[in-house]
Amino acid sequence: MVKKIIDLEPEVPYHTYTVAETEAQLKTSIIEGLTSDEAAALLCVHGTNELKGSGGVKWYKVLWRQIANPLVVVLLIANILAFATKQYAEGGVILFIIIMNATIGFYQDFSAEQTMEALRNMSSPTAQVIRDEARIVIPNTQVVPGDVMIFEDGDVIGADCRLFEVFNLETDEALLTGESLPVQKNLDLIKNAEQSLGDRLNMVFASTTVVKGRAKGIVSGTGMSTQIGKIATTLMNVDTNELTPLQKRLNTMACCIFIAAVALVIVVFGVHNFRYSSEIAIYAISVAISMIPQGLVAIVTLTMAFGVSRMARAKAIVRRLSSLESLGAVTNICSDKTGTLTQSKMVAVRMWFPGDGFYRISGTGFIPEGEIFRQGETINGELYTQEEKVPLASGSDQLLRTIQASALCNMAEIRRTNHPETHGEWTAIGDPTEIALQVLAYKAGMPKPELVENGFELIAEFPFDSSIKRMSVLYKTPSNSKTDASEHLIFTKGATERILGCCSHYRTGDAEILLKNEKDDSIQADFASTILERVDALAEQGLRVLSLSYRKVNPTPGVDLVHGLDREEVESNLVFLGLVGIYDPPRAESLPAVMRCYEAGIRVHMLTGDHPSTAAAIAKEVAIIPADTDVKNSSMVMSADKFDAMSDEQIDALEELPRVVARCSPNTKVKMIAALHRRNLFAAMTGDGVNDSPSLKAANVGIAMGQSGSDVAKQAADIVLTDDNFATIVEAVAEGRRMFFNIQKFVQHLMSGNIATILVLVVALAVKDNQKDSVFPLSAAAILFMNLCYSSPPAIGLSLEPASETNMKEPPRTSKQGLFSFEVLMDMFVYGIVMAILSFVPFILVLFVFEDGQLGYKCNAGYSEVCEGVFRARATCYATLTFLILSHAINCRDIRQSGWQWNRLKTVHQNKTLWLSIVIGVMILFPVIYVPGLNKNVFKHLGITYEWGLVFASLFIYTAFVETYKFVKRRTMA
């Protein structure tokens, strides 16, 4: 055996290496990264970046699951009894049943396991790396030693890295070190090669989480060579083999049925005074087998596997199998706005400055082409009609300082691609809001790269914090040409109400006006009122409004500006600059998706960080709230401050929970989920940030964004959307409903058929020949063969049924409405009893009317001339029950509507599996009845002639009964 050399090499203490030494050791460059060819070669040497040990799908474990179950044990007992009593034909059929059942179950389970394994790979995290001098996103499994990796707030670090660039980086290393507090990282060289992991501050480790800041590092270890690999555990493990509540209910049902089957064995022997014979024993075992719905759990697994695959094609990756069942019961969807209901292609379209009025910005998307026009203030609510174009890199100092704040208090990047296939298109990396501000800076002629090139130097960064809704940066300005001195400026952006509270001045033109003093606070109140009026005016146009501010800083000698600054102090005494209005148009598919939710009885809530007026404007566009809603006076729209201040009792007293919650924090989302749960509602929640994890876990179904979501959010979620689209959530709910109802359909088909078979077999025990032996209506081989060929295949077909036209036009099922509702249980027994009667009556008619009651002698053991009537009666019973079970599959396509309507019959192409199973079942029936030797010796019946009239009469009566029964249900049941 060949072992990987990398597993045997001693650990390289990269924390003792300088950045240059690390580059040399790993043969990489912090500027250019690896080339694609180098990365491919290293991947061959080191293998994929994943932990070895799960071992993937083990075929022998899947096979063992097919053998180690009560059904196979009973079959094996029957098989042993058959061969022991020299009933080789029955033994051969039973053995064939065992092999076929195991083969089908193995194929279904193994396919499902492979599907889930593939989806686990699809849902694995991604990593940002620099390769071929470009920043790209690759699957984390493709990361290799020497890659230059970039990570930001919320990322789960994909490999061990030696840091070379850090901005306020803090990581959660509790998984490795047990340290509950985040660890602040730096670039200081560590000389001790045996330094503990928690003190290796110039390193980050795989599977730890970025709590704050951002950084770049050189990958030093991947896969099993990481620190987490050495203790063989990972945050990324997800148990996709957990039993769902549905599977648990089915398993409970199977156990009850097994107990009933044992009881039936006792009944069969009891009727024969517990006298043992091979025929009685095999018949008893066969009766028990017919009680158990063969392959039920396998078909459920297959249904879920198909559901997972269909959802993956619809761009929803299922991370937890239990969420499939939950989706169909969702009553409320709590959705974010940006990127989910909207396009997430934000563009800055308006600005407002104190004393200078409104500005308009032209252009759309990421293309930094557009012009800025000064419009001035309003007169009686109307804008000046005369616009003044602002030349590039010019305008008032107030405008220029605002553009600087937009460009520098910003981590987004926009660039023109050089790839020939994209024809030089502009692309953007970063938060959509920051991208819009960066594009604005380009349009104004002051892009960030140009400002940095001209001497603006980033000193410290305070990342956006959702709890205070602000972000700040500290920059050192270029040296003044006259004084040869530079300044330090703080730029802050965020929600208007959070920025205003930090401001002591506002800027108008070149002057900085004091907002408040010790004697009079009214100046600030008046100014705040003016600002909020302008915010409302912009927000009512559907714009997301940000406020920008700045201040000059005179550094205290000896204070470390990188690590020694207090955020609260930094974000105080700011100078208010102005407002920027950003528009994010709704997705074209959002409105139809929301309307589809209303048809399905699902209520949609928008929980967003935007201003109430902005959120309400978009909510009106996508019909979450009526178009004529008065935002200020309606309970449908509420700010998070108001909602969070309410007690649980006050929230529960509301007639309806708010449809729109603005300025939402992560805690607000958790509170909304709790409020929904107290009303016994079933909630789905979307999220993308680190702080969204609690609400994603609290929701019945947590849905993370695959494109914009952090790795922490994806790990907490049940489902990940690869396109971040609200319409995909609705498709997932529809798929969840389809899957649940299909399981209900095939369980009803299997159980109705089993009830019919059991009743025929048990009631027929009363028909006895002259020797007081019961005359069996079906042979053991016929019973087993019927279960294999006429019950399970149509059930598989029913599991693949397309969604009905009313699938998303009916209210969600309640939490109490499980798989076996009263109506479903009633249908099972009604259909089963009617099929039993219509199968048993032809058996009796042939035996006692057409054959004059010739019951023969030992007809259960084999054929003789005196048994001809019994054998023909068996064939009639077998053919009748077969046709009824096959036609019942068509009946089970809808619980109330007719399965024989032309608009349903013409949809053969939508479920070829179902119709193919029925056609093949009918074709198999005739050889079983007419092939010499096979009919007499194995199935113990003869070919029939006039008896077909009884078969088709029973089929006609059953169809008429079903249609009448469903008609009555439609008229009498709600």
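Residues numbered from 1 in each chain as written. Predicted model: local features only at pLDDT ≥ 70, side-chain atom pairs only at ≥ 80, totals over all residues. Heavy atoms only, no water.

What to know about the side chain of Thr-880
Working step 1: As for its placement among the helices and strands, Thr-880 is situated in helix α29 (residues 868-891).
Working step 2: At a separation of 2.7 Å, a polar atom in the side chain of Thr-880 contacts the main-chain carbonyl oxygen of Thr-876.
Working step 3: Leave out the neighbours within four places in its chain, and Thr-880 touches Leu-838, Ser-839, Pro-842, Val-951 and Ser-954. (Helix = DSSP H or I, 4+ residues; strand = E, 2+ residues; numbered from the N terminus. Polar contact = N/O pair within 3.5 Å; in protein donor to acceptor, adjacent residues only side chain to side chain. Contact = heavy atoms within 4.5 Å.)

Focus: the pairing of strand β4 (residues 160-172)
Each regular strand displays side chains that alternate between the two surfaces of the sheet.
Working step 1: Counted residue by residue, β4 has 11 buried out of 13 residues, so it is predominantly covered.
Working step 2: For β4 and strand β7 (residues 209-221), the ladder comprises 10 bridges, and the chain directions are antiparallel. Opposite Glu-165, over in β7, you have Lys-216 as the bridge partner.
Working step 3: Looking at chain direction, β4 and strand β6 (residues 203-204) are connected through 2 bridges and run antiparallel. Counted as the bridge partner of Arg-162 is Met-203 from β6. (Buried < 20%, exposed > 50% of the residue type's maximum accessible area, 1.4 Å probe, protein only. Pairing = 2+ DSSP bridges.)

A closer look at the environment of Ile-729
Working step 1: Turning to its location among the elements, Ile-729 is positioned in helix α26 (residues 726-763).
Working step 2: Owing to a relative accessible area of 1%, Ile-729 belongs among the buried residues under this scheme.
Working step 3: Once residues within four sequence positions are removed from consideration, Ile-729 is found in contact with Ile-333, Thr-340, Thr-686, Ile-703 and Leu-721.

Re the packing of aromatic side chains
Working step 1: Using the criterion set out here, one finds 19 aromatic pairs in the structure.
Working step 2: With a centroid separation of 5.4 Å and an interplanar angle of 75°, the aromatic rings of Phe-785 and Phe-939 are classed as edge-to-face. Within this pair, whereas Phe-785 is found in helix α27 (residues 780-799), its partner Phe-939 is found in the loop between α32 (934-938) and α33 (947-972), the two being separated by 154 residues in sequence. Of the two residues, Phe-785 and Phe-939, both sit in the buried class.
Working step 3: Pairing Tyr-878 with Phe-939 gives two aromatic rings, centres 6.4 Å apart and planes at 45°, and the pair type is tilted. Residue Tyr-878 is located in helix α29, and its partner Phe-939 is located in the loop between α32 and α33; the two are separated by 61 residues in the primary sequence.
Working step 4: One aromatic cluster in this structure is built from Phe-785, Tyr-790, Tyr-878 and Phe-939.
Working step 5: Cation over ring: Arg-214 sits above Phe-167, and NZ or CZ is 4.3 Å from the ring centre. (Phe/Tyr/Trp six-rings, centres within 6.5 Å; stacked < 30°, edge-to-face > 60°. Lys NZ or Arg CZ within 6 Å of the ring centre and 35° of its normal.)

Focus on the state of the cysteines
Working step 1: In the structure shown here, the tally under the stated rule is 1 disulfide.
Working step 2: One disulfide in the model links Cys-859 with Cys-867; its S-S distance is 2.0 Å. When the S-S torsion is -90°, as for the bridge of Cys-859 with Cys-867, the disulfide is left-handed. For the pair shown, Cys-859 and Cys-867 are each scored as buried.
Working step 3: Free of any disulfide, Cys-502 has its nearest cysteine sulfur in Cys-503, 6.7 Å distant. (Disulfide = S-S within 2.5 Å.)

Some thoughts on the confidence of the model for the chain
Working step 1: Looking at the chain, the pLDDT average stands at 81 and 83% of residues meet or exceed 70.
Working step 2: Taken element by element, the chain is modelled with least confidence in helix α1 (residues 5-8), mean pLDDT 35, and with most confidence in strand β20 (residues 488-494), mean pLDDT 94.
Working step 3: Contacts for the low-pLDDT stretch residues 118-124, under 50 throughout, to residues beyond four places or in other chains number 9 contacts.
Working step 4: pLDDT under 50 marks residues 232-242. Its contacts with residues more than four places away, or in other chains, come to 25 contacts. (pLDDT = per-residue confidence, 0-100.)

Structural notes on unusual backbone geometry
Working step 1: Despite not being glycine, Asn-573 shows a phi value in the positive range, around 55°.
Working step 2: Residue placement: Asn-573 occurs in the loop between α18 (567-570) and β24 (574-583).
Working step 3: A positive phi angle, near 55°, is found at Lys-940, a position not held by glycine.
Working step 4: Take Lys-940: it is sitting in the loop between α32 and α33.

Quick look at α26
Working step 1: Taking 1.5 Å as the rise per residue, α26 with 38 residues should run 56 Å; its terminal C-alpha atoms sit 56 Å apart, in good agreement.
Working step 2: Within α26, 33 of the 38 residues are buried, which leaves it mostly tucked inside the rest of the structure.
Working step 3: The N-terminus of α26 is capped by Asn-725, whose side-chain oxygen sits 3.0 Å from the backbone nitrogen of Ala-727. (Expected span 1.5 Å × (residues − 1).)

Topic: the nonpolar core
Working step 1: Ranked by internal contacts, the top residues of the largest apolar core, which has 133 residues, are Ile-333, Ile-624, Phe-726, Phe-746, Leu-778 and Tyr-878.
Working step 2: In terms of nonpolar packing, the next biggest core, distinct from the first, is built from 36 residues, Tyr-359, Ile-372, Leu-408 and Ala-444 among them. (Core = buried A, V, L, I, M, F, W, Y, C linked by side-chain atoms within 4.5 Å.)

Section: a nonpolar patch on the surface
Working step 1: A cluster of nonpolar side chains, contributed by Leu-759, Val-763, Leu-825, Phe-829, Ile-833, Ile-837 and Val-841, occupies part of the molecular surface with about 570 Å² of accessible area.
Working step 2: With 5 residues, helix α28 (residues 822-850) is the largest single contributor of residues to the nonpolar patch.
Working step 3: Along the chain, Val-841 turns up in helix α28. (Patch = residues over 30% accessible without salt bridge, like charges linked within 9 Å, V, L, I, M, F, W, Y side chains within 5 Å. Areas by Shrake-Rupley, 256 points an atom, 1.4 Å probe, with all protein chains shown as cover. Salt bridge = Lys/Arg side-chain N within 4 Å of Asp/Glu carboxyl O.)

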